[in-house]
Amino acid sequence: MMDFLKAKVKFNVTLYSSQTSSNTTHAINTIPLYTYYSGKYKDFANIAMPASIKRVEDAGYKLVRIEGYIYYDGATVDGIVTTPLKLYWSEARRDLFLTGCAADEQSAIASNYEYLSVEGYSPVVFTEWKSESPAGCQFEQSPSLSDIEFSARYGAYGNADTWYPSWGRDDHLYTSWTDGSVNGTKGGNSQHTTGFAVALGSDPLNLTISNIGTFQSFPAPYLGRYPSANFVYQDVWYYGTYALDNPHFPPNPPPNCGNWCVQGPFIDFRYSTVVSPMTPPEWFEPRVDMSTDTDNLFQESSKNNKKVKFGAPHVVDFGKDLEYSPDKKVYIIGHGASRPEAHQSWMQGDEIYLARGVPTPATINNLSVWEFYGGKDDAGYEIWTHNLAEAKPLFTWYNHTGVVTMTYLPALHRYIMCVSTPTFSPYTTKQFDTYLLESVNMTGPYKLVTYLKEFGPEAYFVNIPSKFADPSTSVVNGTSYYHFYLSYSANFAMHGATPNPSGSGYHWTLQETRLKVGEL
């Protein structure tokens, strides 16, 4: 087996080495990638397909060398993920351009290049992001999942944030969004307006965003109202919102965090029985307005430095139409706090809480139906209570919780929790950290998968859409990996920052990701 090398051509792909003798057997399913040159047009062309070779030779291009070897089809070989190499042409520039990643393809399209053909497929290169957990991290390293890696392949959609996709049984993703705009539809004033959309397609790098719209509801007596717990179940679309506020010193603890420093309560779910990729939903919202600061589903308040247990809750992703929910209930997870001195903002808290409800229009907004995780008894059995005051956190880590999501991955028999929190507490306009935890049980105990310092470098609303998570692990060169896409937005207050990883930005990013798998 020959080594891989990076080809020094004008696209970023990986090739099998061409530095071999003529009698060497190349890897199975590979073909040569040729470099041609035109002195007339001062243009290099990297091609593999016979039709493309004829095209350039007829135009006077001359063969320079074999650049390397690529796969001639997209079938996975030995667990290796591949990406198509697409050939584009610009008549104005008299230039052929071979793309091997989303950024190059978008650049070609933006420059009015014409798509010609797929020349072959290149192995995708994954780069590890080193885990750097801070001092005081209470979680032991997971022996099952570690070493997160990114391929630099990503999808980027809209010019907005707060994307929480839910996989409907019609195979489409129904998602929230807010602020900014999506395909020309403006989010309006985020203090009053929240957006919705449907993502069509099975390729996270090439989705179509449709049925885009907005809905107006009001935050008073708070100042902001944002999307959170969003899900589709049995052809009903449920869409939760929560409140935000600005601090008052006192009683809120200083300093000012910079952006929405007071996490307000979860308000309720609006819902629609019209669930379609093309027909707009018909929303029923029980609280277009709130009458008091406790006029919300869980009757919590954040006024006068009160703390909430379910700030910005999100629905646990159990797959298509809640397929893997253990009891066909909907579970929500949110960040909270109890200490008066705690900084509880939209991005920060001390605790993580879990609740469950019955997902029907008649019950979703009925407090008496909801149950809250209340810890475990002496025998280790879970306690569930209808009394919010008796709710216990899954874990507590002062100033190190924040926006939290959870996805069940049946291939791993694991729940993966994603938590984002300020790198520099309590500031919410600087860099953010994101860490992933795993457990075989929804209620824990949890172990650390990875801690991503300054991820994005300001990534938030991080989640793992189950639709784009692999159904099984794969083995590459003797190492087991699990492949999925990380969903997030980034850099709302750091627009000039260098995206890290590439593709991070103020939009919906779907970042190709994999984890190293140990003993499950």
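*Asks:* How would you explain the packing of aromatic side chains if you had to name every residue and give the values?
*Replies:* Counting across every chain of the model gives 52 aromatic pairs. With 5.1 Å between their ring centres and 70° between their planes, Phe-266 and Phe-269 make a pair best called edge-to-face. Ring geometry for Tyr-331 against Trp-384: centres 5.9 Å apart, planes inclined by 80°, an arrangement best described as edge-to-face. One end of the pair, Tyr-331, is in strand 21 (residues 330-336); the other, Trp-384, is in strand 24 (residues 382-385), and 53 residues separate them in sequence. Residue Tyr-331 is classed as buried on the basis of its relative accessible area, which comes to 3%.

*Asks:* Run through unusual backbone geometry, naming residues and quoting values.
*Replies:* Here the bond from Ala-220 into Pro-221 is cis, since omega is 15°, no more than 30 degrees from zero. The phi torsion at Asn-112 lies on the positive side, around 65°, for a residue other than glycine. The backbone phi angle of Asp-179 is positive, close to 60°, even though this residue is not glycine. If you trace the backbone, Asp-179 turns up in strand 13 (residues 173-182).

*Asks:* Could you give an account of the state of the cysteines, naming the residues involved and the relevant values?
*Replies:* Evaluated as defined, the whole model comprises one disulfide. With its sulfur 2.2 Å from that of its partner, Cys-257 forms a disulfide with Cys-261. Residues Cys-257 and Cys-261 share a disulfide whose torsion about the S-S bond is about -105°; that sign makes it left-handed. Taking the relative accessible area as the measure of exposure, Cys-257 reaches 4% and is therefore buried. No disulfide involves Cys-418; its sulfur sits 15 Å from that of Cys-137, the nearest cysteine.

*Asks:* I'd love a proper account of the side chain of Thr-513, names of residues and values included.
*Replies:* Of note, Thr-513 is situated in strand 33 (residues 508-517). Judged by its relative accessible area of 0%, Thr-513 is buried. Engagement of the side chain of Thr-513 in a polar contact is seen with the backbone oxygen of Gln-511, the distance being 2.8 Å. With sequence-adjacent residues up to four places away left out, Thr-513 is seen in contact with Phe-126, Ile-148, Glu-149, Phe-150, Tyr-482, His-483, Phe-484 and Leu-486.

*Asks:* So, the sheet that holds strand 26 (residues 404-409): which residues are in play, and what are the values?
*Replies:* If you trace the four strands from one edge of the open sheet to the other, you get 26-27-28-29, paired in antiparallel fashion. Strand pairing shows two members of the sheet lacking a second neighbour, strand 26 and strand 29 (447-452), which therefore form its edges. Within the sheet, the average angular offset between the axes of one strand and its neighbour, ignoring direction, is 20°. Looking at chain direction, strand 26 and strand 27 (residues 414-422) are connected through six bridges and run antiparallel.

*Asks:* So what's going on with empty space enclosed by the protein? Residues and values would help.
*Replies:* As enumerated under the stated definition, the model contains three cavities of 30 Å³ or more in all. As for the largest cavity, its lining consists of 22 residues, of which Pro-165, Asn-230, Val-315, Val-316 and Asp-317 are closest to the centre. Secondary structure elements with two or more residues in the lining of the largest cavity: strand 12 (166-167), strand 17 (224-233), strand 20 (311-315) and strand 26. The dominant element in the lining of the largest cavity, judged by the number of residues it contributes, is strand 17, at four residues. When the residues that make up the lining of the largest cavity are grouped by side-chain class, the tally is twelve nonpolar, eight polar and two charged. The computed volume of the second largest cavity comes to approximately 150 Å³. In terms of lining, the second largest cavity is formed by 20 residues, of which the most central are Asn-252, Cys-261, Val-262, His-343 and Gln-344. Class assignment of the residues belonging to the lining of the second largest cavity gives a composition of nine nonpolar, nine polar and two charged.

*Asks:* Quick rundown of helix 1 (residues 50-58)? Include the residues and the values.
*Replies:* Owing to its 3.6 residues per turn, the α-helix aligns residues three or four sequence positions apart on the same side. Those residues of helix 1 not exposed but buried are Ser-52, Ile-53 and Val-56. For helix 1, the arc enclosing every buried residue in end-on projection is 100°, short of the 170-degree limit, so these residues lie on one face. The exposed residues of helix 1 that point more than 90 degrees off its buried face are Pro-50, Ala-51, Lys-54 and Asp-58. Tucked inside the fold, the buried residues of helix 1 contact strand 3 (30-38), strand 4 (43-47), strand 6 (82-90), strand 7 (95-99) and strand 8 (114-123).

*Asks:* Could you give an account of the nonpolar core, naming the residues involved and the relevant values?
*Replies:* In this structure, Phe-269, Trp-370 and Met-417 are the most contacted members of the largest nonpolar core, which totals 46 residues. Beyond its immediate chain neighbours, meaning those up to four positions away, Trp-370 contacts Phe-269, Leu-297, Phe-298, Val-330, Ile-332, Ala-355, Arg-356, Gly-357, Thr-363, Ile-364, Thr-385 and His-386. If you look at the next biggest cluster of nonpolar residues, it comprises 24 residues, including Leu-412, Val-449, Phe-484 and Ala-490.

*Asks:* Give me the sheet that holds strand 17: which residues, what numbers.
*Replies:* Within the open sheet, the three strands sit side by side as 17-18-19. Their pairing is antiparallel. Because the sheet does not close on itself, it has two edges, and the strands there are strand 17 and strand 19 (262-272). Averaged over all adjacent pairs, the angle separating strand axes in this sheet is 20°, with direction ignored. Bridge analysis of strand 17 against strand 18 (residues 236-245) gives eight bridges, and the strand direction is antiparallel. Each bridged residue has a counterpart across the sheet, and for Pro-227 the counterpart in strand 18 is Thr-241.

*Asks:* Requested: an account of the layout of surface pockets, with residues and values cited.
*Replies:* Here the largest pocket is characterised by a volume of approximately 770 Å³. As for the largest pocket, its lining consists of 37 residues, of which Arg-153, Asp-203, Pro-204, Leu-205 and Tyr-485 are closest to the centre. Elements supplying a minimum of two residues to the lining of the largest pocket: strand 6, helix 2 (102-110), strand 10 (145-157) and strand 32 (479-490). Split into classes, the residues belonging to the lining of the largest pocket amount to 15 nonpolar, 15 polar and seven charged.

*Asks:* Got a sec to walk through the pattern of salt bridges? Specific residues and values, please.
*Replies:* Taken as a whole and assessed by the stated rule, the structure comprises 21 salt bridges. The partner of Asp-268 in a salt bridge is Arg-225, and the shortest N-O contact between them spans 3.8 Å. Linking Asp-268 in strand 19 with Arg-225 in strand 17, this pair joins segments that are 43 residues apart in sequence. Grouping residues by exposure puts Asp-268 and Arg-225 together as buried. Residue Arg-356 pairs with Glu-371 through a salt bridge whose shortest N-O separation is 2.9 Å. You can see Arg-356 sitting in strand 22 (residues 349-357) and its partner Glu-371 sitting in strand 23 (residues 371-376), a full 15 residues away along the chain. The burial state of Arg-356 is the same as that of Glu-371; both residues are buried. Through salt bridges with shared partners, one network takes in Arg-225, Asp-268, Glu-285, Arg-287 and Asp-295.

Rules and cut-offs
Residues numbered from 1 in each chain as written. Predicted model: local features only at pLDDT ≥ 70, side-chain atom pairs only at ≥ 80, totals over all residues. Heavy atoms only, no water. Phe/Tyr/Trp six-rings, centres within 6.5 Å; stacked < 30°, edge-to-face > 60°. Helix = DSSP H or I, 4+ residues; strand = E, 2+ residues; numbered from the N terminus. Buried < 20%, exposed > 50% of the residue type's maximum accessible area, 1.4 Å probe, protein only. Disulfide = S-S within 2.5 Å. Polar contact = N/O pair within 3.5 Å; in protein donor to acceptor, adjacent residues only side chain to side chain. Contact = heavy atoms within 4.5 Å. Pairing = 2+ DSSP bridges. Axes fitted to C-alpha atoms, helices over the stretch in contact; angles between N-to-C directions. 1 Å grid on protein atoms, 1.4 Å probe; cavity = no way out; pocket = protein on both sides within 12 Å on 5 of 7 lines; lining within 4 Å. Points joined across faces, edges and corners; volume = space filled by probe spheres on them. Nonpolar A, V, L, I, M, F, W, Y, C, P; charged D, E, K, R; others polar. Arc of directions from axis to C-beta. Core = buried A, V, L, I, M, F, W, Y, C linked by side-chain atoms within 4.5 Å. Salt bridge = Lys/Arg side-chain N within 4 Å of Asp/Glu carboxyl O.

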